Number of protein chains: 2
Amino acid sequence: MKIGILGAGQLGRMLALAGYPLDFDFVFLDPAAEACAAPLGDHLHADYTDEAVLAQFCDACELATYEFENVPAKVAEFVAARVPMYPPPKALGAGQDRLGEKRMFDALKIPVPRYMPVAAREALDLAVRNIGLPCVLKTRRMGYDGKGQAVLRTEADLDAAWEKLAGQPLICEAFVPFERELSCLAVRGRDGTMVFYPVVENVHHDGILRVSTPRQDDPLQAEAETHTRRVAEHLDYVGVLAFEFFVADGKLYGNEIAPRVHNSGHWTIEGAEISQFENHLRAIAGLPLGSTALRGPSLMFNFIGDAPPTTALAAIPGVHVHLYGKAPKPQRKVGHATITAASEAELLERRALLEALIPPSSS
Amino acid sequence: MKIGILGAGQLGRMLALAGYPLDFDFVFLDPAAEACAAPLGDHLHADYTDEAVLAQFCDACELATYEFENVPAKVAEFVAARVPMYPPPKALGAGQDRLGEKRMFDALKIPVPRYMPVAAREALDLAVRNIGLPCVLKTRRMGYDGKGQAVLRTEADLDAAWEKLAGQPLICEAFVPFERELSCLAVRGRDGTMVFYPVVENVHHDGILRVSTPRQDDPLQAEAETHTRRVAEHLDYVGVLAFEFFVADGKLYGNEIAPRVHNSGHWTIEGAEISQFENHLRAIAGLPLGSTALRGPSLMFNFIGDAPPTTALAAIPGVHVHLYGKAPKPQRKVGHATITAASEAELLERRALLEALIPPSSS
């Protein structure tokens, strides 16, 4: 069966690597000439809104999915009208607007930081008065990896933030003095069956995910699953859904969802029985979902900007190298490593060996 | 770095799947239009002896290897003269002629079943008198999966065997009443460093490998490593080398080598820290070799002729499905499953669930 993927970045690349063993083939649509999944399938090189190419994409595949959450809604609807597409377009829409997303969490009784939409300069003053400082002004759309955000610590920060972000729909959110950032990765099958990976503790660096560590038997596992299940069922979701939370006072606050395989789930390739990539494909293809159990202690370390030499990485026991075939560039995710170990202590030792290879400027 | 692979069957496919995460790209040369590794790289579709295409293959890659041991010697030499090629052509030659192979084992003091070359009908009589019955008449070249062999149990079998196989160089070997068949998978780096996977116990069915089970702490591990190291060093080997043995009276007898990744090592994808495919690529690319340690109990089960429905396979816990994208055909290896489990008992339970899906005619 040929599966069509909107987007051909590293997520598409890892989906394809997981999919060939299940006898799937792939066609990608991506406007980038150098899209890094392209060598792993047919690459339709065009803008997402090019309807002639979109029609060709739909003709070429029996089933469609996406690896990029900013696929325009009308593109998703065009595809979904022609070929089964999972997750459904409404899930894509739900994660694209931070305001709609927060309102959905509210409606589903999932705690969220206080928030207010901001459409004008006066509305920002009002929001800050209501929410209190510190708070965060964010674009409602197209934000990722810390882009499209400004932290407001004092009244003096408001003008600069407004100048940086005005002109697009904005939302102001309370700044959560979080203890931890957790994500919950769920997989939901076409028949509504759900499985959950152990929650993942995430550490960001300059707004970009740096380290993800799965936590076996975390006290917040059940609560994270309850929230994530509620969103998935609300959206008639099929596939892998990632839900990112802040933990404050030992409680979860919903931050955002991603309707796709997620960077905080890359450790599952070696760290879990069945990876998020295989489970996403199993879900959308209507196959039974695979075990999400941990195989042992593991963590994922992102390579941002550039990766250390493979020779050095491959010399560290338990390090599994995943390079995406992308040219080095500041702030760009060019690869990751999963570290596996027999014990938590060994995992930390191996992590230290890996971190010693990262230049201080980007560590 | 682009790696050229002579052959684009399932071994090439699994090499490519292991290689993309290390940022390798692939070009394959294979005469089959439907070669199953083709979607995972550039496919030069031509006969191995087509020198124009061979030159194109060499121009396209920085490093070459092969996944098919019957690549003609002069093809290997053509490539090796233009681009670094591992394993070296002499390793390819060593495994292509059963007589030369046995003589090499003899010279390296590796015990082998008694054997004699057979060039004429009278030589067969002589060989049978010397070796005794039962024995096996085999073609010296191009035999695999039990093809090109005839077992001689009584004098009455000689004429039929001669009729079946005459016309090509033959060898007669003593039939070893073996207790077990073991293989040893070694990896040798460019610098001569060697690592060994735990020996694998193999069960064949109609001459075709059916089940491979790695054996932790097998009493014959050290002896198998000694023999395999001797062959690898003799051949200036680089890459994964498989050595198949018979076990009789608790002792190893050398049967044959394969100068490539091997079906009895497919369990390493999920069952070992670093798979045979990744370790082959690490070795030929001059990277440090990865750990060959077991991750837990595992075994590999081959799908021959056809595979059970993926839906049924995916429903069994611990089953990892590997389909090769090949059309069903009697005797054809179309895929395999690795089974992983937390204990030997659980492994056997899961194996029973898998075997229940195999039609009795091919089980």
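Rules used throughout
The residue numbering used here restarts from 1 in each chain and proceeds along that chain's sequence as written. Written order determines the labels here, with chains lettered from A and ligands numbered from 1. Per-residue local features of the predicted model are confined to residues with pLDDT of at least 70, and side-chain atom pairs are confined, for both listing and counting, to 80 or more; whole-chain, interface and lining totals are unaffected and use all residues. Side-chain figures throughout are based on the complete set of non-hydrogen atoms in the structure, without hydrogens or water. Take the buried residues of types Ala, Val, Leu, Ile, Met, Phe, Trp, Tyr and Cys, join any two whose side-chain atoms come within 4.5 Å, and each joined set is a nonpolar core. Per-residue accessibility, obtained with a 1.4 Å probe over protein chains only, is compared with the maximum for each type, and a residue is labelled buried under 20%, exposed over 50%, and partly exposed between these values. Whether two residues are in contact is decided by their heavy atoms, any of which lying within 4.5 Å being enough. Strand pairing is defined by DSSP finding a minimum of two bridges between the two strands. Under the scheme used here, helices are H or I runs from DSSP no shorter than 4 residues and strands are E runs no shorter than 2 residues, and both carry numbers assigned from the N terminus. Between N-to-C directions, angles cover 0 to 180 degrees, with each direction set by a line fitted to C-alpha atoms, over the stretch in contact for helices. Once two parts are joined, some of their accessible surface, as seen by a 1.4 Å probe, is lost; buried area is that loss totalled over both. Within this document, salt bridges are pairs made up of a side-chain nitrogen of Lys or Arg and a carboxyl oxygen of Asp or Glu, the two lying within 4 Å of each other. Each polar contact in these results corresponds to two N or O atoms within 3.5 Å; when the atoms are within protein, one needs to be able to donate a hydrogen and the other to accept it, and residues that are neighboring in sequence are counted only if both atoms are side-chain atoms. Each Phe, Tyr or Trp ring, with Trp reduced to its six-membered ring, pairs with another whose centre is within 6.5 Å; inter-plane angles below 30 degrees give stacked pairs, above 60 give edge-to-face pairs, and intermediate values give tilted ones. Counted as over-ring charges are cases with an Arg CZ or a Lys NZ within 6 Å of the ring centre that also lie within 35 degrees of the ring normal. Each domain span listed reflects an automatic or database assignment of domains. When residue character is reported, Ala, Val, Leu, Ile, Met, Phe, Trp, Tyr, Cys and Pro are called nonpolar, Asp, Glu, Lys and Arg charged, and the others, Gly included, polar. Expected span of a helix, by definition, is 1.5 Å for each gap between consecutive residues, and there is one gap fewer than residues. It is the directions from the helix axis to the C-beta atoms whose arc is reported. A cavity, in this analysis, means grid points on a 1 Å lattice covering only the protein atoms where a 1.4 Å probe fits yet has no way out; a pocket is instead an open set bounded by protein on both sides within 12 Å along at least five of seven lines, and a residue lines either one if it has an atom within 4 Å of a point. Grid points are joined across faces, edges and corners, and a volume is the space filled by probe spheres set on the points.

Draft legend 1. Structural view of the nonpolar core. Judged by nonpolar contacts, the single largest core of 114 residues is most densely connected at F26 and F303 of chain A together with F26 and F303 of chain B. Setting aside residues up to four positions removed in sequence, F303 of chain A forms contacts with R210, P308, L313, L323, R332, K333, V334, G335, H336, A337, L354 and I358 of chain A.

Draft legend 2. Summary view of the sheet that holds strand β5 (residues 115–118) of chain B. All names here are of chain B. The strand order β5-β8-β6-β7 describes an open sheet built from four strands, whose pairing is antiparallel. Of all strands in the sheet, those bounded by a partner on one side alone are β5 and β7 (149–152). Across the sheet, the mean angle from the axis of one strand to that of its neighbour is 20°, orientation sign disregarded. Here five bridges tie strand β6 (residues 135–139) to strand β8 (residues 170–174), and the two strands are oriented antiparallel to one another.

Draft legend 3. How the structure looks around the interface of chain A and chain B. In this assembly, 28 residues from chain A lie in contact with 28 residues from chain B. Summing both sides of the interface, chain A and chain B together bury roughly 2,600 Å²; the carbon and sulfur share of this comes to 57%. Three residues stand out in chain A for area buried against chain B, namely Y20, P21 and R295 of chain A, and they jointly supply 21% of the buried area on that side. Taken together, the links from chain A to chain B amount to zero salt bridges. Counting across the chain A and chain B interface gives 10 residue pairs in polar contact (both at pLDDT 80 or more). Elements with a contribution of two residues or more to the side of chain A that touches chain B: α1 (10–19), α11 (310–314) and β16 (319–323) of chain A. With five residues, β16 of chain A is the single largest residue contributor to the side of chain A that touches chain B.

Draft legend 4. Looking closely at the packing of aromatic side chains. All names here are of chain A. Throughout the structure, instances matching the rule amount to 16 aromatic pairs over all chains. Relative to F68, the ring of Y48 lies with its centre 5.6 Å away and its plane at 15°, an arrangement referred to as stacked. Note that Y48 is positioned in the loop between β3 (42–44) and α2 (51–60) and F68 in the loop between β4 (63–66) and α3 (73–80), a separation of 20 residues in sequence. Here the aromatic residues Y20, F26 and F28 are joined through ring pairs into a cluster of three or more. R82 extends its terminal NZ or CZ atom over the ring of F78, reaching a point 3.6 Å from the ring centre.

Draft legend 5. Layout of the sheet that holds strand β2 (residues 25–29) of chain B. Residue and element names in this part refer to chain B. The four strands are arranged β3-β2-β1-β4 in an open sheet whose pairing can be described as parallel. Both edges of this open sheet fall to β3 (42–44) and β4 (63–66), since each of them pairs with a single strand only. Adjacent strand axes in the sheet meet at a mean angle of 25°, parallel and antiparallel pairs treated alike. In terms of strand pairing, β2 meets β3 through three bridges, oriented parallel. Following the sheet pairing, L29 is matched in β3 by L44. Taken strand by strand, helix α1 (residues 10–19) contacts β1 (2–6) and β2, and its axis lies near 170° from that of β2. Along the sheet, helix α2 (residues 51–60) contacts β1, β2, β3 and β4; its crossing angle with β2, the most-contacted strand, is approximately 170°.

Draft legend 6. View of the domain arrangement of chain A. Residue and element names in this part refer to chain A. Annotation of chain A at the domain level lists domain 1 (2–85), domain 2 (114–174) and domain 3 (180–362). For domain 1 and domain 3, the distance between their C-alpha centres works out to 23 Å. Counting residues at the interface gives 18 residues for domain 1, matched by 21 residues for domain 3. Carbon and sulfur atoms supply 73% of the area buried between domain 1 and domain 3, which totals about 1,700 Å² over both sides. A salt bridge links E69 to R260, with the nearest nitrogen and oxygen atoms 2.7 Å apart. Between the two partners, domain 1 and domain 3, sit four residue pairs in polar contact (both at pLDDT 80 or more). Those elements that provide at least two residues to the side of domain 1 that touches domain 3 are α1 and β4. Per element, the largest residue contribution to the side of domain 1 that touches domain 3 is seven residues, and it comes from α1. Split by residue class, the side of domain 1 that touches domain 3 holds 12 nonpolar, three polar and three charged.

Draft legend 7. Local environment of helix α8 (residues 221–234) of chain B. All names here are of chain B. Compared with an ideal rise of 1.5 Å per residue, which puts 14 residues at 20 Å, α8 spans 20 Å between its outermost C-alpha atoms and is within 8% of the ideal. All buried positions along α8 are accounted for by Q221, A224, H227, T228, V231 and A232. The arc that holds the buried residues of α8, viewed along the axis, is 140°, so those residues lie on one side. One or two steps after α8, the chain reaches D236, where phi turns positive at roughly 50°.

Draft legend 8. Here's a closer look at empty space enclosed by the protein. This model, assessed by the stated rule, comprises two cavities of 30 Å³ or more. Roughly 830 Å³ of volume is contained in the largest cavity. Surrounding the largest cavity, 36 residues form its lining, I269 and E270 of chain A together with L17, I269 and E270 of chain B being those nearest its centre. Those elements giving two or more residues to the lining of the largest cavity turn out to be α1, α9 (268–271), α10 (276–284) and β16 of chain A together with α1, α9 (268–271), α10 (276–284) and β16 (319–323) of chain B. Looking at the lining of the largest cavity residue by residue, the classes come out as 21 nonpolar, six polar and nine charged. Taken as a whole, the second largest cavity holds about 40 Å³ of empty space.

Draft legend 9. How the structure looks around unusual backbone geometry. Of the consecutive residues L133 of chain A and P134 of chain A, the connecting peptide bond is found in the cis state with omega at -5°. Note that P134 of chain A resides in the loop between α6 (121–131) and β6 (135–139). Positive phi, close to 55°, is recorded for D217 of chain B, a residue that is not glycine. Considering the arrangement of structural elements, one finds D217 of chain B in the loop between β12 (208–214) and α8. Of the residues examined, D217 of chain B reaches a relative accessible area of 67% and is grouped as exposed. At Q331 of chain B, a residue that is not glycine, the phi angle is positive and equals roughly 70°. When you line up the elements, Q331 of chain B lands in the loop between β16 and β17 (333–340). A relative accessible area of 42% places Q331 of chain B in the partly exposed class.

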